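Structural characterization, general
The chain contents come next:
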Amino acid sequence: VNDAEKYKEEDGKQKDRISAKNGLESYAFNMKSTIEDEKVKDKVSAEDKKTILDKCNEVIAWLDANQSAEKEEYEHQQKEVEGVCNPIITKLYQAAGGAPGGMPDMSGMGGGMPGGAPAGDAAGAGSGSGPTIEEVD
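Note that this is a predicted model, so its numbers are computed, not measured. (Residues numbered from 1 in each chain as written. Predicted model: local features only at pLDDT ≥ 70, side-chain atom pairs only at ≥ 80, totals over all residues. Heavy atoms only, no water.)

**Details of the overall build of the protein**
Spelled out, the test is: Secondary structure elements follow DSSP: runs of H or I of four or more residues count as helices, runs of E of two or more count as strands, with numbering from the N terminus. The classification of residues rests on relative accessible area computed with a 1.4 Å probe and restricted to protein chains. Under 20% of the type maximum is buried, over 50% is exposed, and intermediate values are partly exposed. We call two residues contacting when some pair of their heavy atoms lies within 4.5 Å. Each accessible area value is a Shrake-Rupley result obtained with a 1.4 Å probe; residue values ignore everything except the protein chains displayed when judging cover.
Scanning the protein for helices and strands turns up six helices and zero strands. Shown N-terminal to C-terminal, the secondary structure of the protein runs as helices and strands in the order α-α-α-α-α-α. Across the 137 residues in the protein, those meeting the buried criterion constitute 28%. In the protein, the share of contacts with a sequence separation of at least 24, taken over all contacts with a separation of at least 6, comes to 76%. Of the roughly 8,700 Å² that the protein leaves accessible, carbon and sulfur atoms contribute 52%.

**Quick notes on the pattern of salt bridges**
Stated formally: Should a side-chain nitrogen of Lys or Arg be within 4 Å of a carboxyl oxygen of Asp or Glu, the pair is scored as a salt bridge.
Here the structure, examined in full by the defined rule, presents six salt bridges. One salt bridge in this structure joins glutamate 58 and lysine 55, with 3.1 Å as the shortest N-O distance. A residue pair is termed a helical-turn pair when its members lie 3 or 4 positions apart in one helix, as glutamate 58 and lysine 55 do in helix H3 (residues 46-65) at three residues. The exposure class assigned to glutamate 58 is partly exposed, which follows from its relative accessible area of 45%.

**Things to note about the confidence of the model for the protein**
Test applied: Think of pLDDT as the predictor's per-residue confidence, scored from 0 to 100.
The share of residues in the protein with pLDDT of 70 or more is 71%, and the mean pLDDT across the chain is 77. Across the protein, the secondary-structure element scoring lowest on mean pLDDT is helix H5 (residues 119-125), at 39, and the one scoring highest is H3, at 94. Overall, residues 107-129 carries pLDDT values under 50, and its contacts beyond four positions in sequence, including any with other chains, amount to nine contacts.

**Structural notes on H3**
For an α-helix, the turn length of 3.6 residues means that residues three or four places apart are oriented alike. Cut-off, in case you're wondering: In a helix, the anticipated span is given by 1.5 Å times the number of residues less one.
Its 20 residues give H3 an end-to-end C-alpha distance of 28 Å, which sits within 8% of 28 Å, the value for a rise of 1.5 Å per residue. Within H3, the full set of buried residues consists of Asp48, Ile52, Leu53, Lys55, Cys56, Val59, Ile60, Trp62 and Leu63. Those residues of H3 hidden inside the fold are in contact with helix H1 (2-36) and helix H4 (71-95).

**Considerations on the packing of aromatic side chains**
The geometry of an aromatic ring pair is captured by two quantities: the separation of the ring centres and the angle between the planes. Basically, it comes down to this: What counts as a ring pair is set by centres within 6.5 Å for rings of Phe, Tyr and Trp (its six-membered ring), and what kind of pair is set by the plane angle: stacked under 30 degrees, edge-to-face over 60, tilted for all other angles.
Using the criterion set out here, one finds one aromatic pair in the structure. For the ring pair tryptophan 62 and tyrosine 74, a centre distance of 5.6 Å and an interplane angle of 85° mean the geometry is edge-to-face. Placement of tryptophan 62 in helix H3 and of tyrosine 74 in helix H4 is noted, with a sequence separation of 12 residues between them. The exposure class of tyrosine 74 is buried, given its relative accessible area of 0%.

**Some points on the side chain of arginine 17**
Rules: Positive charges come from Lys and Arg alone, negative charges from Asp and Glu alone, with His and the N- and C-terminal ends not counted. Whenever a nitrogen or oxygen atom comes within 3.5 Å of another N or O atom, the pair is scored as a polar contact, on the condition that within protein one atom can donate a hydrogen and the other can accept it, and that pairs from neighbouring residues in sequence are kept only if both atoms are in side chains.
By secondary structure assignment, the location of arginine 17 is in helix H1. Of the side chains bearing the opposite charge, glutamate 70 lies closest to the buried arginine 17, which forms no salt bridge; the N-O distance is 6.0 Å. Among the polar contacts listed, one links the side chain of arginine 17 to the backbone oxygen of alanine 69, at a separation of 3.2 Å. Ignoring anything within four residues of it in the chain, the contact list for arginine 17 reads Gln67, Ser68, Ala69, Glu70, Lys71 and Tyr74.

**Regarding the packing of H1 against H3**
Note the cut-off: For helices, the fitted axis covers only the stretch in contact; all axes are lines through C-alpha atoms, and the angles between them, taken along N-to-C directions, range from 0 to 180 degrees. Roughly parallel covers angles under 35 degrees, roughly antiparallel covers those over 145, roughly perpendicular covers 65 to 115, and oblique covers all other angles. Left-handed describes a crossing whose near helix is turned anticlockwise from the far helix through less than a right angle; right-handed describes the clockwise counterpart. We call Asp, Glu, Lys and Arg charged. Ala, Val, Leu, Ile, Met, Phe, Trp, Tyr, Cys and Pro are nonpolar, and the rest, Gly among them, are polar.
At a closest axis distance of 9 Å, the pairing of H1 and H3 adopts a crossing angle of 150°. The pairing of H1 with H3 is recorded here as roughly antiparallel in orientation. Once H1 is placed against H3, the crossing between them reads as left-handed. Residue-level contacts link Lys21, Leu24, Glu25, Ala28, Phe29, Met31, Lys32, Ile35 and Glu36 of H1 to Lys49, Ile52, Leu53, Cys56, Asn57, Val59, Ile60, Trp62 and Leu63 of H3. Broken down by class, the residue content of the contact of H1 with H3 amounts to 12 nonpolar, one polar and five charged.

Structure follows, in structure tokens:
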């Protein structure tokens, strides 16, 4: 029973770490996709587009090089990439006047809140969905 409790705690930490990693990866790829979208790319300055793409590529390269990073490291990277992307996306959204179809719904991406989602929310977020590659390996 003691072993089960010990492993349950380790499993929880591992799940949180993988969830943070997946959230960061998803955010970076979604940002790249958004900024390269036909509807959006003409509304963003070349400088802003380059800023977002460079930061997203940097984060993706960091993810590739740091597969076993701790949850806090993933969260730090998430805050950094959001700090670069959010002001540009907010400016884009305001320039579009909040027009329908002007921006994809980014609310389900796991980020966007300073400090990330509370741990209680993250624990139930993955239930019901299939295993990720990291969980299978």
